[in-house]
Amino acid sequence: MALTPVQNQTPAFTAAVSAGAGAFFGLFVGTAQGSGLLGLVIGAVLLGALGFVFASMTAQEKPIRWAVLVAFAIAGFVLGGLPALVIGALFGWFAGWFIFWLATSRYRAPLVPYLTPGQVLWHYTFRVICGAIFVFLITPILVVMPLSFNAEDFFTFTPEMLRFDPEGYSLKHYRDFFTNADWQQALWNSLSIAPMATLLSVGFGTLAAIGLSQPHVPFRRAIMAILISPMIVPLIISAAGMYFFYSRIGLQGTYFGVVLAHAALGIPFVIITVTATLVGFDRSLTRAAANMGAGPVTTFFRVQMPLILPGVISGGLFAFITSFDEVVVVLFVGSAGQKTLPWQMFTGLREQISPTILAVATILVVISICLLTTVEMLRRRSERLRGMSPS
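The structure presented is a predicted model; accordingly, all values stated were derived computationally and were not measured. For every chain, the first residue of the written sequence is number 1, and numbering continues from 1 along that sequence. Totals for whole chains, interfaces and linings use every residue, but because this is a predicted model, local features are given only for residues with pLDDT of at least 70 and side-chain atom pairs only at 80 or more, for both listing and counting. Computation of side-chain values: all heavy atoms of the structure, hydrogens and water removed.

### Some points on the side chain of threonine 340
Move 1: Position of threonine 340 relative to the elements: it lies in the loop between helix 14 (328–333) and helix 15 (341–351).
Move 2: Discounting residues that sit within four places of it in the chain, threonine 340 has contacts with Ala186, Asn189, Ser190, Ile193, Glu326 and Val330. Secondary structure elements follow DSSP: runs of H or I of four or more residues count as helices, runs of E of two or more count as strands, with numbering from the N terminus. Contacts are assigned to residue pairs with any non-hydrogen atoms lying within 4.5 Å of each other.

### A few points about the packing of aromatic side chains
Move 1: Note on ring pairs: Phe, Tyr and Trp rings are taken, using the six-membered ring of Trp, and paired if centres are within 6.5 Å. Classes follow the plane angle, with under 30 degrees stacked, over 60 edge-to-face and the rest tilted. Summed over the entire model, instances satisfying the criterion amount to 23 aromatic pairs.
Move 2: Seen in terms of ring centroids, tryptophan 97 and phenylalanine 98 are 6.3 Å apart; in terms of plane orientation they differ by 45°. Their pairing is tilted.
Move 3: Centroid distance phenylalanine 269 to phenylalanine 318: 6.2 Å. Interplanar angle 20°. Geometry classified as stacked. Of this pair, phenylalanine 269 sits in helix 11 (residues 255–278) while phenylalanine 318 sits in helix 13 (residues 296–325), placing them 49 residues apart in sequence.
Move 4: Note on exposure labels: buried denotes an accessible area under 20% of the residue type's maximum, exposed denotes more than 50%, and partly exposed covers the range between, all computed with a 1.4 Å probe on protein chains only. For phenylalanine 269, a relative accessible area of 24% puts it in the partly exposed group.
Move 5: One aromatic cluster is present, formed by Phe13, Phe24, Phe25, Phe91, Trp93, Phe94, Trp97, Phe98, Trp101, Tyr107 and Tyr124 through successive ring pairs.

### Points about helix 11
Move 1: A helix is expected to span 1.5 Å multiplied by its residue count minus one. Here helix 11 spans 34 Å end to end across 24 residues, near enough to the 34 Å set by a 1.5 Å rise per residue.
Move 2: Bend is computed residue by residue as the angle between axes fitted to the seven residues ending at the residue and the seven residues starting at it. Along its length, helix 11 reaches its greatest deviation from straightness, about 30°, at glycine 266, and the proline proline 268 lies no more than four positions downstream.

### Some words on the packing of helix 10 (residues 235–249) against helix 11
Move 1: Where helix 10 meets helix 11, the closest approach of the two axes is 12 Å, and the angle between their N-to-C directions is 145°. Of the two possible hands of crossing, helix 10 and helix 11 adopt the one that is right-handed. Contacts between helix 10 and helix 11 involve Leu235, Met242 and Tyr246 from the first element and Gly257, Leu260, Ala261, Ala264 and Leu265 from the second.
Move 2: Basically, the charged four are Asp, Glu, Lys and Arg, the nonpolar ten are Ala, Val, Leu, Ile, Met, Phe, Trp, Tyr, Cys and Pro, and anything else, Gly included, counts as polar. Partitioned by chemical class, the residues of the contact of helix 10 with helix 11 number seven nonpolar, one polar and no charged. A fitted line through C-alpha atoms represents every axis, and for helices the fit uses only the stretch in contact; the resulting angles, taken between N-to-C directions, go from 0 to 180 degrees. By definition, turning the near helix anticlockwise from the far helix through less than a right angle yields a left-handed crossing, and turning it clockwise yields a right-handed one.

### Regarding empty space enclosed by the protein
Move 1: Cavities and pockets were defined on a 1 Å grid built over protein atoms only: a cavity is a set of grid points that admits a 1.4 Å probe from which the probe cannot escape, a pocket is an open set flanked by protein on both sides within 12 Å along at least five of seven lines, and lining residues are those with an atom within 4 Å of any such point. Grid points are joined across faces, edges and corners, and a volume is the space filled by probe spheres set on the points. In this structure the tally under the stated criterion is two cavities of 30 Å³ or more.
Move 2: Estimated volume of the largest cavity: approximately 40 Å³.
Move 3: Lining the largest cavity we find Phe320, Ile321, Phe324, Asp325, Leu364, Ile367, Ser368 and Leu371.
Move 4: Taken together, the elements giving at least two residues each to the lining of the largest cavity come down to helix 13 and helix 16 (356–385).
Move 5: Residue composition of the lining of the largest cavity, by class: six nonpolar, one polar and one charged.
Move 6: In this model, the second largest cavity occupies a volume close to 30 Å³.
Move 7: As for the second largest cavity, its lining consists of Ser190, Ile193, Ala194, His262, Ser323, Phe324 and Thr340.
Move 8: Among the elements that take part in the lining of the second largest cavity, helix 7 (residues 181–212) stands out by supplying three residues, more than any other.
Move 9: Classifying every residue of the lining of the second largest cavity gives three nonpolar, four polar and no charged.

### Details of the side chain of serine 18
Move 1: Looking at where serine 18 falls in the secondary structure, it is placed in helix 1 (residues 11–33).
Move 2: By relative accessible area, which is 0% here, serine 18 ends up buried.
Move 3: As used in this structure description, the phrase polar contact means that two N or O atoms lie within 3.5 Å; if the pair is within protein, one of them must be able to donate a hydrogen and the other to accept it, and residues adjacent in sequence are counted only when both atoms belong to side chains. At a separation of 2.7 Å, a polar atom in the side chain of serine 18 contacts the main-chain carbonyl oxygen of threonine 14.
Move 4: Those residues in contact with serine 18 that lie beyond four places of it in its chain are Leu47, Gly48, Gly51, Phe98, Ile99 and Leu102.

Okay, structure coming up:
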């Protein structure tokens with residue numbers, strides 16, 4: 001198989017790919033300014049022209065990149081002040097780096113040399129698609145977090161915030177959250193419901209996963225499908241069903257009823273994570289423990305549990321996040337006495353637009369990030385225990 005040579009690219013190739021990148025980013029900027037088509041055209045023409053001119057000037061890469069960065073920063077400052085200066089500088093840095101990354105064929109360095117141009121194109125196109133999806137998913141969170149520090153009672157960026165004026169930022173919404181009785185009661189309800197629901201989810205989910213991992217259990221697939229159905233069935237249907245069922249047995253509007261409902265939603269996450277951990281479990285260890293005289297309970301706690309503990313904790317964290325962030329089910333099966341934090345946020349959006357909701361949302365995002373980081377650390381530990389290298 002012939003190897004694709006690594007050499008400097010032609011100005012036409014560099015200009016064409018640079019124009020595509022410019023059109024992509026120009027579409028976002030133009031849409032923000034009210035004309036996506038105009039931004040697309042300007043971005044494509046601007047980066048395409050820079051790519052065509054600079055493709056043959058690779059010897060002067062460093063000073064040219066600095067010049068592009070400064071030029072974009074100045075243009076941003078003229079058009080929109082200090083915030084636009086920062087954004088312009090970022091675009092200028094990217095434009096300079098991207099053009100010379102293409103022109104000098106540095107994009108081929110991390111790839112195997114026998115890939116065809118079509119395979120190289122798909123390699124980077126796939127990553128661009130994944131990056132675009134990530135941006136669309138993460139952008140709402142990145143918008144909410146700075147808005148929570150707004151000094152005014154608005155859900156939009158004020159002129160002071162856009163100028164990075166310290167007077168435009170305040171912690172008053174966070175102070176309102178920690179001093180308001182309604183918010184604190186909702187926080188306490190969430191902290192009293194989520195841990196209990198997590199304990200039930202971990203207990204029942206772990207036992208179910210261990211049982212379903214045994215090859216002699218009949219109808220394993222059907223039972224597994226039933227147990228993980230709360231993840232598949234639309235939440236509104238599950239909530240309505242729980243409401244009618246709880247109303248018949250007297251659990252509707254009770255603390256125990258909400259805990260059971262949240263535990264039912266968390267059990268599928270525990271089953272999935274523990275089942276994934278049990279895939280690499282060496283069952284000869286339990287047989288060896290039985291031969292040494294250990295009973296089933298001793299074998300479970302002394303042999304099985306230490307090895308599947310990362311999966312159990314990961315499932316518990318997912319169950320906790322599910323219970324802590326859930327609002328639909330608690331609206332159906334709970335009462336005013338079980339008003340959780342998401343319920344209070346929903347009420348605030350429906351009855352009064354309070355920016356304190358943004359502060360609460362930011363706190364929940366930080367908590368979720370910490371928990372998901374813990375899950376990732378446990379995943380890596382589990383792979384090390386099973387003799388796998390983290391990927």
